[in-house]
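A closer look at the structure
This is what each chain is made of:
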Amino acid sequence: MVFRTETWRIERKRIGWTEYKFLYRKGYKKARCGLDLFVQLIIADYHVRELAQQKEALQEKLEKLDKTQEVLQKEYWYQECELHKWQSSIPGGPMKLAYESLRKNPKWYMQNELIKDCAGRGGCCGRECGCCEKRESTPEKSMGAGHCTTGCACCSSFRGCELTAQEKKNIRDALRAALKYSNSAYLLSMSRAYIIRDRKV
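Conventions we followed
- Residues numbered from 1 in each chain as written.
- Predicted model: local features only at pLDDT ≥ 70, side-chain atom pairs only at ≥ 80, totals over all residues.
- Heavy atoms only, no water.
- Phe/Tyr/Trp six-rings, centres within 6.5 Å; stacked < 30°, edge-to-face > 60°.
- Buried < 20%, exposed > 50% of the residue type's maximum accessible area, 1.4 Å probe, protein only.
- Helix = DSSP H or I, 4+ residues; strand = E, 2+ residues; numbered from the N terminus.
- Lys NZ or Arg CZ within 6 Å of the ring centre and 35° of its normal.

Observations regarding the packing of aromatic side chains
Centre distance and the angle of the planes are the two values used to describe a pair of aromatic rings. For the structure on display, the rule yields two aromatic pairs. Ring plane angle 85° and centroid distance 6.2 Å describe the contact between Trp-108 and Tyr-109, whose orientation is recorded as edge-to-face. Across this residue pair, the class does not change: Trp-108 and Tyr-109 are buried. Ring geometry for Trp-108 against Tyr-194: centres 5.3 Å apart, planes inclined by 70°, an arrangement best described as edge-to-face. Of this pair, Trp-108 sits in the loop between helix H2 (94-102) and helix H3 (112-120) while Tyr-194 is found in helix H7 (residues 184-195), placing the two residues 86 residues apart along the sequence. Its relative accessible area of 14% is what places Trp-108 among the buried residues. We classify Tyr-194 as partly exposed; its relative accessible area is 40%. Three or more aromatic residues joined by ring pairs form one cluster here, namely Trp-108, Tyr-109 and Tyr-194. The ring of Tyr-99 carries the charged tip of Arg-103 above its face, separated from the ring centre by 3.5 Å. Across from the ring centre of Phe-158, 4.3 Å away, lies the NZ or CZ of Arg-127, which sits over that ring.

As structure tokens, then:
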């Protein structure tokens, strides 16, 4: 079989039953190559395109993540102010002293009652990963180290899914309702754990 281009005359010759070789003729020059060359060429071309497209997709994700991170930073800043407002509302005296004394320990939240609560809600304290105890405050996040919430990456990875923003809000609303309206025993046990140090810590 002969293929023609403007400057090349390419003959395909069958060698044996399965192998083909190409014979290139241009003037008096000849060159031979097997189909294996084209196998490698096509695969290499595919791989280069694959990597280029992955890079492009990653760049798009990073741009979206940058926007998401900015929103989270603003929300975190706002909630820091909210937390400070409610901490400042604790009346002075023994209760205030107990609250502040407990938080001198960076791992204050590793209270038995709070560990049980985290495990009961399906958090990392119910598994052997130890994520809660490993969490550390940073200069960028001076607050926020503690037990699992719907924002925990390990919990999402364990379940293989992510909750939507609305689903996360629903869970926060359910927590508020449980504390404020329906379950005084739960509120009392959580309040105690937020103020009184147990033997574990």
